[in-house]
Amino acid sequence: MTNASALPAAAPWIVLKFGGTSVSTPQRWATIRALAASRRAEGARVLLVVSALSGVTDALKALCGLADVGARAAAAADIAARHRDLLRALGLDRLPALDAHLAELAALATAAEHDYAWQAAVQSMGELLSSTLGAAALSAQGLATAWLDARSCLLATPLPNQNERTRRLSASVECNADTALAARLAACGEVLITQGFIARDQAGRTVLLGRGGSDTSAAYFGALLAAARVEIWTDVAGMFSANPRQVPDARLLTRLDYEEAQEIATTGAKVLHPRSLSPLRDPRVPLLIKDTQRPELDGTVIGPEAASDAPSVKAISARKGITLIAMESVGMWQQVGFLADVFALFKQHGLSVDLIGSAETNVTVSLDPSENLLDSDAIAALAADLARVCRVKVIAPCAAVTLVGRGMRAMLHRLSTVLAEFGQVKVHLISQSSNNLNLTFVVDEATVDALLPRLHDLLLRAGALRAGDRALFGPSWQALYGAATAAPPPPWWREPAARARLLAIAAEATPRYVYHLPTLRERARALQALTAVDRWYYAIKANPHPALLAALAAEGFGLECVSPGELAAAERAAPQAARLFTPNFAPRADYAAALAADVPVTLDALHPLLHWGELFRDRELILRLDLGRGLGHHEKVRTGGAGSKFGLPVSDLDLFLRRAEALGARVTGLHAHLGSGILDPRHWAQVCGELASLADRIGTVAFLDVGGGLGVPAAEGEPALDLAALDAALLEVKRAYPHYALWMEPGRYLVAEAGVLLARVTQIKHKEGVAYLGADAGMNSLIRPALYDARHAIVNLTRPDDRADTLYQVVGPICESGDVLGSDRRLPAAAEGDVLLIADAGAYGASMASHYNLRKPAAETVLS
Ligand code: ADP
Ligand code: ASP
Ligand code: MG
């Protein structure tokens, strides 16, 4: 057993839940083992919560519906065979605990009593069986794992309006942190496995938590144990902006707060059970959703912090099977107590109301099938009772389509094209939630499948779903999972000749940055080919290597500098190139020096004009504005909006202009840069339009500089920035404002893919079941993974043909736990001395390097 070293009593818990498809094959159990071991190695106790094997709950439910005892026995035998097959595939031949559960299932199948308690007992078998298999499989693979009966921990709370059916099959549990329970579980072992979906009632009998309830179990355990986090491992990389099986263009939602995620789950996203967030909210336990088959993908993090204050639609979801009850009555609604009488009838029939729309003579409500037992008898009985007080119309089957996002009411102006689409279908009811998080349309069920992808597309086009904001949105499902239709050309270093050259360079010394000038030139020419942009500057902070500056200057790029050091480097490497000086909070002397050298200067604050006015007398100035919002792949690269130190707020514009005028200075350029790593091609046109309308107010402006931030795909399968679409969008704005020249200043886009970091494997360590791959490059050479959670692809150059079958944490030699170059990477089994290539390292690699730990950062080599 590998997990021998004891954890301190106060070690935190991490709860990992694996859904049906995640527990159905031996490969998945190997992944579960690796993940559990890595969490254990973080110093945490691990509780695994598992679903039944995929399809087994359905099969058990079907068994419950069979009238014939022989058929039930045969169904139980099928289910038993499926588990025995998996046991064999896991390399185990006999498991008495599994036999005992299978015997219990066989007995239940032939039992005489068929009430709800029996149904619960039968359906609980799926999770009892899968967890028993799992405990044996993990222990046999060297990770000692104790089996825990979830019913000994989760006690269902009876609710006042529950009936027998919901009490047995859709129970809920009230959870508060329970230190005694945590201590009891800690005494069982360091890695535990238990069942999702099941709990006990006060009499000790088995109850279920509702279909999909294993997510809820994980949340209950997370709350009881005050866990460090709960991880939901499933068959998609997280919560998407729509059901990805229905809308392949749906975007991964990388960060959500509890309220938004709750709203998306409640309104139809099956990936997370709607009850699984409320237990975690008070104790502020974060919840992660990840793909078991692709652990390297980012996933969704749900936590207490709102990910962004700027309103955006986050998702569109749909629930089918909605029944509407329309009630007409002339002039009755205002009468005191009338509505109370009507709703009393709903209560009496055990039906819970979801949406409500009301008018002078009509009240229409919806019944949600997930909260109701919607058999036609119950509805007919309700309708008969209602008919005594009003005219009743039952409209079914309907579907509720919901747009979810914080600040929905502030977004209505962006929804005009989306709302127009509803003109094509019959809308029975519209409801806007009082928490301002959703807008729901009830339509005929038959129309919804075709409607959803269209609405999603319109939300993207209208900028209401701000997919370009990479702190909130990841790649589309299609990009992550779709057939590689238009696979991007392979990177330069994949070619055998380039590989051989890189290996030869690495043989001289590592770590080493290598820059490929042909790739740099290719990117430069692709940008120069855009017809909308009149002048290009390279933001040299991305990589000020002289050879790169010279090559870009030769391609017609000016050089945008943010410090005297950068101005000097630009001057040395490319004396002919135009320069720009765009500093932030720089001292007075920096501006004086730039002006003395006749370099155009950008101001982004009032202070320089107010306090150093003489410096700018009769000068031409560029003004950087804050358009009130930031964008980018990480909070730390957003450069606009509240919380960002960049740019003059638009509210100070008039004051700035008056002050400039008094000095005889003229604003000839307006500038805005909202952040880095933006992949939405429409972004810069939006910025351009906003700057242009402000420039029209000023009168002296000749050019608009819409900054950089052009993104490079980070995740595998993420599509590249569509330059043709970027050009088209900019041209459209230019047609409206032909009197302004357009400037752009990319950094990363030009150099990221041209550079790689070569490192050599130093040591390999297997600790607590985790494989660490040590490299001689660390965060002192490449800080982006530590600083921005940036993802760089990592390849073992020495073993191009070996199967990538080992899950590594790739780490550097720096004395910091954050010195991780890549986590959960599948690579070929490596050996000391292997050469690793860290891709897309040409931007903000060498330029951000340090001598931390007094280790020299990687040297640089240029391939021309
Ligand atoms: P598990 O068996 O692991 O609990 P589920 O089938 O319950 O998995 O949930 C995952 C599925 O949820 C996905 O495969 C997807 O089809 C569906 N789904 C529906 N809406 C969404 C959404 N907005 N984002 C992600 N997945 C969704
Ligand atoms: N096995 C149960 C179901 O299929 C619970 C779950 O998987 O979440 O509904
Ligand atoms: Mg599920």
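Scroll up for the structure.
Conventions and cut-offs
- Residues numbered from 1 in each chain as written.
- Chains lettered and ligands numbered in written order.
- Predicted model: local features only at pLDDT ≥ 70, side-chain atom pairs only at ≥ 80, totals over all residues.
- Heavy atoms only, no water.
- Salt bridge = Lys/Arg side-chain N within 4 Å of Asp/Glu carboxyl O.
- Helix = DSSP H or I, 4+ residues; strand = E, 2+ residues; numbered from the N terminus.
- Buried < 20%, exposed > 50% of the residue type's maximum accessible area, 1.4 Å probe, protein only.
- Near = heavy atom within 4 Å.
- Polar contact = N/O pair within 3.5 Å; in protein donor to acceptor, adjacent residues only side chain to side chain.
- Areas by Shrake-Rupley, 256 points an atom, 1.4 Å probe, with all protein chains shown as cover.
- Nonpolar A, V, L, I, M, F, W, Y, C, P; charged D, E, K, R; others polar.
- Disulfide = S-S within 2.5 Å.
- Pairing = 2+ DSSP bridges.
- Axes fitted to C-alpha atoms, helices over the stretch in contact; angles between N-to-C directions.
- Contact = heavy atoms within 4.5 Å.

Turning to the pattern of salt bridges, a few remarks are in order. Between side chains of opposite charge, a pair can form as their charged atoms come close. Tallying each qualifying case throughout the model produces 39 salt bridges. Here Arg-281 makes a salt bridge to Glu-259, at a shortest N to O gap of 3.7 Å. A residue pair is termed long-range when its members are at least 10 positions apart, and Arg-281 in helix H10 (residues 278–281) and Glu-259 in helix H9 (residues 258–266) qualify at 22 residues. By relative accessible area, which is 30% here, Glu-259 ends up partly exposed. A salt bridge links Asp-680 to Arg-682, with the nearest nitrogen and oxygen atoms 3.2 Å apart. The structure contains a network of salt bridges with shared partners spanning Glu-164, Arg-167, Arg-168, Asp-201 and Arg-205.

Another aspect to go through is the site of ligand 1. Near ligand 1 there are 16 residues, and of these Thr-234, Asp-235, Phe-240, Arg-245 and Lys-270 occur at the shortest range. A distance of 2.6 Å separates an oxygen atom of ligand 1 from a polar side-chain atom of Thr-234. Here a nitrogen atom of ligand 1 and a backbone polar atom of Ala-242 are 3.4 Å apart. Burial of ligand 1 by the protein chains amounts to 86% of its free accessible area of 570 Å². Considered class by class, the residues forming the shell around ligand 1 number seven nonpolar, five polar and four charged.

Across all of its chains, the model carries zero disulfides by this definition. The thiol sulfur of Cys-188 is not disulfide-bonded, and the nearest other cysteine sulfur, from Cys-153, lies at 8.1 Å.

It is worth spelling out the sheet that holds strand E17 (residues 391–404) at this point. Within the open sheet, the six strands sit side by side as E15-E16-E14-E17-E19-E18. Their pairing is antiparallel. If you trace the sheet from one side to the other, it starts and ends with strand E15 (353–358) and strand E18 (427–432), each paired once. Recorded for the sheet is a direction-independent mean angle of 30 degrees between the axes of neighbouring strands. Docked against the sheet, helix H11 (residues 338–348) engages strand E14 (315–328), E15 and strand E16 (362–367), running at close to 25 degrees with respect to E16.

The subject of this paragraph is the site of ligand 2. Near ligand 2 you find Ser-51, Thr-57, Glu-127, Phe-197, Arg-211, Gly-212, Gly-213 and Ser-214, and these make up its full shell. Here a nitrogen atom of ligand 2 sits 2.6 Å away from a polar atom, N or O, in the side chain of Glu-127. Arg-211 has a polar side-chain atom sitting 2.7 Å from an oxygen atom of ligand 2. Contact with the protein chains removes 86% of the 260 Å² of surface that ligand 2 exposes when unbound.

Moving on: the sheet that holds strand E6 (residues 191–195). An order of E3-E6-E2-E1-E9-E12-E13-E11 is seen for the eight strands of this open sheet, with the pairing classed as mixed. With one partner strand each, in any of the chains shown, strand E3 (146–147) and strand E11 (255–257) form the two edges of the open sheet. The sheet contact formed by strand E2 (residues 45–50) and E6 spans five bridges and is parallel. By the bridge assignment, Val-50 is partnered in E6 with Gln-195.

Before going further, it helps to spend a moment on unusual backbone geometry. Following Ala-396, the chain continues into Pro-397 via a peptide bond in cis, with omega recorded as -5 degrees. In this fold, Pro-397 is placed in strand E17. The residue after Thr-510, namely Pro-511, is reached through a cis peptide bond having omega -10 degrees. With respect to the element layout, Pro-511 can be found in the loop between helix H16 (496–508) and strand E21 (512–516). Although it is not a glycine, Phe-197 sits at a positive phi angle of roughly 80 degrees. Assignment of secondary structure puts Phe-197 in the loop between E6 and strand E7 (198–200). You can call Phe-197 buried: its relative accessible area is 3%. If you check the backbone angles, Asp-618 has positive phi at about 60 degrees while not being a glycine. Here Asp-618 is to be found in the loop between helix H21 (607–611) and strand E26 (620–626).

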